[in-house]
Structure formats: C-alpha cells, structure tokens
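Breakdown of the fold
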Amino acid sequence: MYLKLSYFFIEKVMKRIKSLLLSLKEIFIVLFIQYFILIISIILFNGYENIYIGNILLSIFSIIYILSKKNIINVSFNIRNNYFIYIMLGSSISIIYNMILYRFHLYTYDTNNTFLFLDVLTSGIIGPIFEEVVFRVSFIPKVECFIYNKEKVIITSIIFAILHFNFLSGFIAFIIGIINGYIYIKTRDIIKISLVHISLNTISSLITCYNNLIFILGIILMIEVILYFGKERYL
C-alpha cells in the first residue's frame with residue numbers, strides 16, 4: 001500500500017513537472033530570440049552603439065510579440081478604477097528597494113548612461129508591458145490547469161525571478177511576480193499590472209543615489225497603498 005501511494009505521488013509530481021516544462025516552451029523561445037538579437041548587435045556594432053541598436057531591436061521584437069497576443073490580452077479601461085494607486089504601489093516598492101540598495105552600497109548608478117531616454121522607453125515602459133504579457137497574461141493561464149491558485153503565483157514568480165539571471169534583479173522580480181500575479185488572477189486586468197511594473201522600472205531608471213527624503217516618501221506612499229487596499233478590500 002505504501003509503495004503504491006509513493007508511486008502514485010511520484011507519478012503525479014512528474015506529470016506536473018512535465019506540464020510545467022511544456023508551458024515554459026514559449027518563454028524559452030522568446031528568451032532565445034532576445035539573446036540572438038543581442039548577440040547579433042554585439043557582433044555587428046561597437047561600443048555603446050550595440051547597446052543602442054540592441055535595445056531598439058529588442059523593443060521592436062517586444063512590440064511585435066505583444067501585438068501577436070492581442071487575442072488574449074484583456075484591455076478594459078474603466079474610469080471608475082483607481083489606476084493611480086497601482087502607480088503608487090510600483091513607485092513605493094521601487095523607491096524603498098533602490099534606497100536600500102544605495103544606502104548599503106549594493107548598487108552603483110552608471111554615470112556613463114547617456115541613453116536615459118532610451119532606457120526609460122525600453123526598460124521602463126515597453127519592457128514591463130512585454131514581461132507582463134509573457135509571464136502573467138500568457139504563462140499563468142497555461143499553468144492554471146495543473147497548479148493551484150497559491151502555488152501558481154509562487155511558481156511563476158520564482159521562474160520570473162530566475163530568468164532575470166541576477167540576484168538583486170531576481171529578488172525584486174520575485175516580489176513583483178507575487179504582487180502582479182495575485183492582481184492578475186483576481187482582476188485579469190493588464191492595465192493594473194502594467195502600471196505597477198512600469199512605475200517600478202521607470203523610477204528605478206531615474207533614481208541615482210540615496211536620499212533620506214525620497215526614502216521617507218517611498219515609505220509614505222507604501223503606507224497609503226496598504227491603507228487603501230485595506231479599506232477598499234478589492235483590487
């Protein structure tokens with residue numbers, strides 16, 4: 001009896017792992033195309049030029065991918081929704097996290113960054129929308145048939161974090177994965193999760209050093225967000 005139960009459990013786990021790997025196929029294809037674009041840019045262009053051209057090409061690919069998923073993207077703008085609170089949520093997380101990194105010298109701003117506008121456009125706006133479509137809009141529904149609600153948010157967030165290939169980036173990616181995963185499962189609203197991610201990345205691109213006032217502002221914004229959701233009790 002024990003052996004049968006053990007076999008059944010192992011078989012069930014293996015099936016779920018297989019299903020998860022199959023659901024990751026599209027993400028691996030997307031990553032392959034992105035790295036192929038970067039490698040080609042490095043080979044064909046020199047210095048900062050390859051960064052500039054590479055980011056533009058990646059943005060074009062991201063836009064094409066987003067448009068290809070328009071049949072599963074639910075864009076239902078409702079003027080009664082308080083979308084600003086999601087901007088506050090992303091901004092507060094970004095400010096607090098970046099202030100901690102700068103305060104303890106865990107991150108140094110690149111003073112040679114001459115492509116700030118491009119960085120904000122690609123990493124701050126296009127990139128977040130692209131990632132939300134890939135990891136929330138497209139990926140979450142694929143794992144819903146074999147993973148429970150709480151598990152799917154955690155598992156998709158872990159995968160999202162791992163694929164950032166950097167501990168500091170991966171840590172904040174995991175947090176955003178948890179928050180946006182929960183919001184998306186509850187609302188299926190890409191506008192809300194995109195606003196959280198866009199505000200977080202954009203603020204991160206603009207912060208250059210530690211500042212007490214900015215840190216306090218981030219804490220105040222976070223308190224306001226917590227009080228709002230605690231009072232409203234909905235997303």
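Fair warning: this is a prediction, and the values are worked out from it, not measured in the lab. (Residues numbered from 1 in each chain as written. Predicted model: local features only at pLDDT ≥ 70, side-chain atom pairs only at ≥ 80, totals over all residues. Heavy atoms only, no water.)

Brief notes about the overall build of the protein chain
Counted only if it meets this: Comment: elements are numbered from the N terminus, with helices defined as DSSP H or I runs of at least four residues and strands as E runs of at least two. The globule rule is 2.2 Å times the number of residues to the power 0.38, and the radius of gyration it is compared with is taken over C-alpha atoms. For each residue, the accessible area found with a 1.4 Å probe, counting protein chains only, is set against the maximum for its type, and the residue is called buried under 20%, exposed over 50%, and partly exposed in between.
For the protein chain, the helix and strand inventory stands at nine helices and zero strands. In the protein chain, the order of α-helices and β-strands from amino to carboxyl end is α-α-α-α-α-α-α-α-α. Taking 2.2 N^0.38 as the reference for a compact globule, 235 residues should give roughly 18 Å; the C-alpha atoms of the protein chain span a radius of gyration of 20 Å, in line with that estimate. With the C-alpha coordinates of the protein chain rotated into their principal frame, the extents come out at 65 × 55 × 40 Å. Per-residue burial over the protein chain gives 40% buried out of 235 residues.

Here we look at the environment of Glu132
Inclusion rule: Residue contacts are defined here by distance: any two heavy atoms, one from each residue, within 4.5 Å place the two residues in contact.
Relative to the elements of secondary structure, Glu132 occurs in helix α5 (residues 116–143). Residue Glu132 is classed as buried on the basis of its relative accessible area, which comes to 0%. Expressed as a C-alpha distance, the spacing of Glu132 and Tyr35, which sit 97 residues apart in the sequence, is 19 Å. Setting aside residues no more than four positions away along its own chain, Glu132 makes contact with Val137, Ile176, Asn180, Ile193, Ser194 and His197.

With respect to the environment of Phe146
Looking at where Phe146 falls in the secondary structure, it is placed in the loop between α5 and α6 (149–162). Residue classification places Phe146 among the buried positions, given a relative accessible area of 15%. Through-space distance from the C-alpha of Phe146 to that of Lys70 is 25 Å; in sequence the pair is 76 residues apart. With sequence-adjacent residues up to four places away left out, Phe146 is seen in contact with Arg16, Ser19, Leu20 and Ser23.

Overview of the packing of helix α4 (residues 84–103) against helix α7 (residues 167–187)
Short version of the rule: To obtain an axis, a line is fitted to C-alpha atoms, over the contacting stretch when the element is a helix, and the angle between two such axes runs from 0 to 180 degrees between their N-to-C directions. Small angles under 35 degrees read as roughly parallel and large ones over 145 as roughly antiparallel, with 65 to 115 read as roughly perpendicular and the rest as oblique. Crossing chirality is assigned from the near helix's rotation relative to the far helix, an anticlockwise turn below a right angle marking it left-handed and a clockwise turn marking it right-handed.
Packing of α4 against α7 leaves a shortest axis separation of 12 Å and a crossing angle of 160°. What the angle tells us is that α4 and α7 run roughly antiparallel. Two packed elements cross with a definite hand, and for α4 against α7 that hand is right-handed. Across from Tyr86, Leu89, Ile93, Tyr97 and Leu101 in α4, the residues of α7 making contact are Leu168, Phe171, Ile172, Ile176, Ile179 and Ile183.

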